[in-house]
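Structural features, examined
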Amino acid sequence: MAGREFFNTETSILNTKNLQAGFFIGGKFYPAIEDINIEIKPGKVVCVVGESGSGKSVTALSIMSLLPKENGSIQEGEILFEGRNLVDLSQDDMNEIRGKDIGMIFQEPMTSLNPVFTIGFQVQEVLLNHLSISKSEARERSIQLLRQVGISRPEEIVDEYPHQLSGGMRQRVMIAMAIANNPKLLIADEPTTALDVTIQAQILELIKEIQKKMNMAVMLITHDLGVVAEMADEIIVMYAGQIVEQSDTYSIFYNPKHPYLKLLLQSIPRLDENRERLDSIKGIVPSLTNIDRTGCRFTDRCPEAKDECRQISPQLAELGGGHKVRCLLYKESYPTEKAVTNR
Amino acid sequence: MLTYTLRRIAVMIPIMILLSMVVFSLAKMMPGDALSGRIDPTNSSPEYISAMKEKLGYNDPVHIQYLRWMNDILHGDFGNSFIHKMPVSQLIGLRVYNTLFLTLLALFFTYIFAFIMGMYAGKHPYTLGDNMIATYNYLGFALPSFFAGLMAIYLFALKLQWVPASGSIGTGVDVNTIAFYVSKLKHTILPALVLGMLSTAGYTQFLRNDIIESSRKDYVRTARAKGTSESIIYNKHILRNSIIPIVTFLGFDIGGLLGGAVITETIFTYPGIGSLFIDSLTNRDYSVVMTITMMLSIMTLIGNLIADLLYGVVDPRIRLD
Ligand SMILES: Nc1ncnc2c1ncn2[C@@H]1O[C@H](COP(=O)(O)OP(=O)(O)OP(=O)(O)O)[C@@H](O)[C@H]1O
Ligand code: SF4
Ligand SMILES: [Mg+2]
């Protein structure tokens, strides 16, 4: 077992260690994500799920070193990318990695492209940032890339502006830019949330297809468990800034442990059911400044909560077979002496 | 864009006709006329006055007078200035170059300073430099131009004697020699700087705020995610967006080129259109006043059109058709 662990860290593309990041609000620092340990191996698809506000985007932006400069900051932990700690890198050094080794697609296709530049300019830019090729070569490659992401008439689209394209088309352009330099890791932050249902499926299909073809590692963020079942190798469930459950896809769907995950699974609409089952979980994710950091953060909404859930902060603990959970229904989650003093 | 321009110009024609009626009526309603300014009423016989009135057409119905005036204008005849004893077109022709030189130079300073200071402040908000620029801007807003003008004359013309205090050209320089242009520049630089440095405040503040706003946009994050350097992000991605509103200001500024320096020209006794307008108003030199008013109105309309056209040029989302 120890040997396997060692081997794993050696070959992982991304490995975050005890990552904590958040925002300064009114002069005080509020962590938006805490104790985040995510490992992604080459060619694997890791999905991060959780409701709005659970810290998914903050996690992705931390990895890219793209937290808002004014108030965002990484306070603790490491982000090891191919063994290098990205937290220590300057923005100039990060610019060498962003767009080349790590590509990213964002949640908002309508606003993520610059309205005053042509599609061609924006795709070429990511190529020219990292390769020494001529403008005309870059243009040729942009056309190829656009074709690759399923855009018809790419020769004309390169000279068009974002406002001339639909949301789905724009997201395809974003994908083309993200994969332009064959990144080792693609971070897709809810790439389909803002799109029509039919387009959503197409975009996911496209990401899946590209992932297979290029054998890229993918970190796919979503708040909809339903969409990731067939493509994820591993699923990470986040709640209020913490990972609450983490396992391979099969176990997540067929052997869920955390009450939150169970509720999430219940709220997935199923095709074979007539009944509207979209009733989501009662209550909301606490806002950043309102998170009660003692006890389990899910207590107020948890149907299985016990008295001690308010006092004891559960730890993310391994139940065996790589299945981890953070819930006091499992004895493994009770804090060890060391963890208690650490809090 | 051509059809758009033509359509806009077509729309301008009725507006201009309406304008000309307003200008004509206002001039008619004001006391006195060109004749009473030209003759000495106590020394002229009433017969002479009425004969002159008849000759000048002042006894005709108003609409006939208006049509005659319009007809003259369309034939390039703007009447005579009785103060300067020359055709208005010739008089304005002499002044128009002075004003254009002054306002263009001022506009140049306005935009140069706005870009340097606005871009710096926008890229480094809430720093010492930004605060200093903000202070300068408040001064620019608060200082009346006549006060700033007088201060500048006192300091640079009277105390330091770097530049002359008034006029637009030195005495005894031959036209079109190097000395002529140097003298022109020396006379114009101070009023242009005062005008430019005061009006730059608004543009600087606007550009700064727009850059800060743009820098928070999603597309900036996308550019960073592509590995684009900070300098290119600011000088290309953000500036290209923030330039859009500024460029439309430029259109309006072109509309104001002739009338934008009235106060400055008066303080510096600079022989331009603005000071001519004020002089003619006090002297009831109506043919001049009417012509300048018409010119300024038409320039404003053209400036609006240029602003809209520029908007279509710099913003790909705007289609003019
Ligand atoms: N710039 C910011 N300043 C202050 N707080 C922020 C900022 N960005 C995010 N937050 C807070 O951080 C927490 C996590 O936000 P995050 O954007 O990561 O959520 P998410 O899981 O991506 O949700 P969604 O599904 O809506 O995208 C939220 O409470 C949010 O309000
Ligand atoms: S720790 Fe308690 S409150 Fe939290 S999820 Fe488990 S049972 Fe529910
Ligand atoms: Mg998000």
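All figures in this text were calculated on a predicted structure; none of them were measured in a lab.

Focus on the packing of aromatic side chains
Residues and elements named next belong to chain B. Applying the stated criterion across every chain, the model contains 16 aromatic pairs over all chains. With 6.1 Å between their ring centres and 15° between their planes, F109 and F113 make a pair best called stacked. Residue F109 and its partner F113 are located together in helix 5 (residues 88-123), separated by four residues, close to a single helical turn. What makes F109 buried here is its relative accessible area of 13%. Overall, the relative accessible area of 24% leaves F113 in the partly exposed class. An aromatic cluster of at least three residues, connected via ring pairs, comprises Y111, Y203, F206 and F249. Lying across the ring of Y126, R208 places its NZ or CZ 5.5 Å from the centre.

Here we look at the interface of chain B and chain A
Taken together, the contact pairs 21 residues of chain B with 29 residues of chain A. Buried area between chain B and chain A, both sides added, is near 2200 Å², and the carbon and sulfur share of it is 55%. At the surface where chain B touches chain A, the tally comes to four salt bridges. Between A:E108 and B:R221 there is a salt bridge, and its shortest N-O distance comes to 3.0 Å. Counting residues per element, the ones that place at least two in the side of chain B that touches chain A are helix 9 (218-225) and helix 10 (230-255) of chain B.

Looking at helix 10 (residues 259-266) of chain A
Within the sequence span of helix 10 of chain A, burial applies to A:P259, A:Y260, A:L261, A:L264 and A:L265. Those residues of helix 10 of chain A that are buried lie in contact with strand 10 (234-239), strand 11 (242-248) and helix 9 (249-254) of chain A.

Thoughts on the site of ligand 2
Inspection of the region around ligand 2 gives A:H258, A:P259, A:C296, A:T299, A:C302, A:E304, A:A305, A:C309, A:C327, A:L328 and A:L329 as its neighbouring residues. A class-by-class count of the residues in the shell around ligand 2 yields eight nonpolar, two polar and one charged.

Let's talk about the coordination of the magnesium ion (ligand 3)
Residue and element names in this part refer to chain A. Taken together, the protein ligands of the magnesium ion (ligand 3) are S57 (OG) and Q107 (OE1), with distances of 1.8 to 2.6 Å. Residue S57 is located in helix 2 (residues 56-64), and its partner Q107 is located in the loop between strand 7 (102-105) and helix 4 (119-130); the two are separated by 50 residues in the primary sequence. A relative accessible area of 22% means that S57 is categorised as partly exposed.

Quick look at the site of ligand 1
Residue and element names in this part refer to chain A. Inspection of the region around ligand 1 gives 16 residues, with S52, G53, S57, Q107 and E190 positioned closest. At 2.8 Å from an oxygen atom of ligand 1 is found a main-chain nitrogen or oxygen belonging to G53. In isolation ligand 1 has 640 Å² of accessible area, and contact with the protein removes 71% of it. The dominant element in the shell around ligand 1, judged by the number of residues it contributes, is helix 2, at three residues.

Here's the deal with the sheet that holds strand 7 of chain A
Residue and element names in this part refer to chain A. Read across the sheet, eight strands follow the order 7-8-9-4-10-11-13-12 without closing on themselves; strand pairing throughout is mixed. One side of each edge strand has no neighbouring strand; the edge strands of this open sheet are strand 7 and strand 12 (317-318). Its contacts with the sheet put helix 2 on strand 4 (45-49), strand 7, strand 8 (185-189), strand 9 (217-222) and strand 10, and the angle it makes with strand 9 is roughly 145°. Those strands touched by helix 10 are strand 10 and strand 11, and its axis lies near 110° from that of strand 10.

Notes on helix 7 (residues 167-179) of chain A
Residues lying three or four places apart along an α-helix face the same way, a consequence of the helix completing one turn every 3.6 residues. An ideal rise of 1.5 Å per residue puts 18 Å on 13 residues; helix 7 of chain A measures up with 18 Å between its terminal C-alpha atoms. Taking burial as the measure, the 13 residues of helix 7 of chain A include twelve buried ones, the bulk of the element. What helix 7 of chain A keeps buried is the set A:G167, A:G168, A:R170, A:Q171, A:R172, A:V173, A:M174, A:I175, A:A176, A:M177, A:A178 and A:I179. For helix 7 of chain A, the elements touching its buried residues are strand 7, helix 4, helix 5 (135-148), strand 8 and helix 8 (197-214) of chain A together with helix 9 of chain B.

With respect to the domain arrangement of chain B
As far as domains go, chain B holds domain 1 (32-77) and domain 2 (89-314). Using only C-alpha atoms to locate each centre, domain 1 of chain B and domain 2 of chain B end up separated by 40 Å.

Comments concerning the packing of helix 1 (residues 2-29) of chain B against helix 13 (residues 286-314) of chain B
All names here are of chain B. Following both chains from N to C, one finds helix 1 and helix 13 inclined at 155°, their axes separated by 10 Å at the closest point. By the criterion of interaxial angle, the relationship of helix 1 to helix 13 is roughly antiparallel. The element helix 1 and its partner helix 13 pack so that their crossing is right-handed. In this structure, helix 1 contributes Y4, T5, R8, I9, M12, I15, M16, L19, S20, V23, F24 and A27 to the contact, and helix 13 contributes M290, T293, M294, S297, I298, L301, I302, N304, L305, D308 and L309. When grouped by side-chain class, the residues that make up the contact of helix 1 with helix 13 number 16 nonpolar, five polar and two charged.

Structural notes on the pattern of salt bridges
Evaluated as defined, the whole model comprises 27 salt bridges over all chains. Residues A:K69 and B:E230 are paired through a salt bridge, measuring 3.2 Å at the closest nitrogen-oxygen approach. Of this pair, A:K69 sits in the loop between helix 2 and strand 5 (72-81) while B:E230 sits in helix 10, on two different chains. On the basis of relative accessible area, A:K69 is assigned to the exposed category, the value being 58%. Of the charged contacts in the structure, one is a salt bridge between A:D300 and A:R310, with a shortest N-O distance of 3.0 Å. Highlighted residues: A:D300 in the loop between helix 10 and strand 12 and A:R310 in the loop between helix 10 and strand 12, separated in sequence by ten residues. Judged by relative accessible area, A:R310 falls into the partly exposed class, the value being 46%. Here the salt bridges do not stand alone but share partners, grouping A:E82, A:K100, A:D101 and A:K184 into one network.

Overview of the confidence of the model for chain B
All names here are of chain B. Scored by pLDDT, chain B has a mean of 88; 97% of the residues are at 70 or more. Per-residue pLDDT, averaged within each element of chain B, yields its smallest value for helix 2 (residues 34-38) (64) and its largest for helix 9 (97). Interface predicted TM-score (ipTM) for the complex: 0.90; the corresponding pTM is 0.86.

Concerning the packing of helix 7 of chain A against helix 8 of chain A
Residue and element names in this part refer to chain A. Between helix 7 and helix 8, the shortest axis-to-axis distance is 10 Å and the interhelical angle comes to 15°. Relative to helix 8, the element helix 7 is oriented roughly parallel. Taken as a pair, helix 7 and helix 8 cross one another with a handedness that is right-handed. Only I199, Q202, I203, L206, I207, I210 and M214 of helix 8 make contact with helix 7, whose side of the interface consists of G168, Q171, R172, I175 and I179. Looking at the contact of helix 7 with helix 8 residue by residue, the class counts come to eight nonpolar, three polar and one charged.

Re the confidence of the model for chain A
Residue and element names in this part refer to chain A. Here chain A averages 90 in pLDDT, and 92% of its residues register 70 or above. For the stretch residues 1-9, pLDDT sits under 50, and the model shows four contacts to residues farther than four places along the chain or on other chains. Taken together, the stretch residues 339-343 has pLDDT below 50 and engages in five contacts with residues farther than four places along the chain or on a different chain.

Basis of the calculations
- Residues numbered from 1 in each chain as written.
- Chains lettered and ligands numbered in written order.
- Predicted model: local features only at pLDDT ≥ 70, side-chain atom pairs only at ≥ 80, totals over all residues.
- Heavy atoms only, no water.
- Phe/Tyr/Trp six-rings, centres within 6.5 Å; stacked < 30°, edge-to-face > 60°.
- Helix = DSSP H or I, 4+ residues; strand = E, 2+ residues; numbered from the N terminus.
- Buried < 20%, exposed > 50% of the residue type's maximum accessible area, 1.4 Å probe, protein only.
- Lys NZ or Arg CZ within 6 Å of the ring centre and 35° of its normal.
- Contact = heavy atoms within 4.5 Å.
- Buried area = accessible area lost by both parts, 1.4 Å probe.
- Salt bridge = Lys/Arg side-chain N within 4 Å of Asp/Glu carboxyl O.
- Near = heavy atom within 4 Å.
- Nonpolar A, V, L, I, M, F, W, Y, C, P; charged D, E, K, R; others polar.
- Donors = N, O, S within 2.8 Å, 3.2 Å for Na, K, Ca; no water.
- Polar contact = N/O pair within 3.5 Å; in protein donor to acceptor, adjacent residues only side chain to side chain.
- Areas by Shrake-Rupley, 256 points an atom, 1.4 Å probe, with all protein chains shown as cover.
- Pairing = 2+ DSSP bridges.
- Axes fitted to C-alpha atoms, helices over the stretch in contact; angles between N-to-C directions.
- Expected span 1.5 Å × (residues − 1).
- Domains from an automatic or database assignment.
- Parallel < 35°, antiparallel > 145°, perpendicular 65-115°, else oblique.
- Left-handed = near helix turned anticlockwise from the far one by under 90°.
- pLDDT = per-residue confidence, 0-100.

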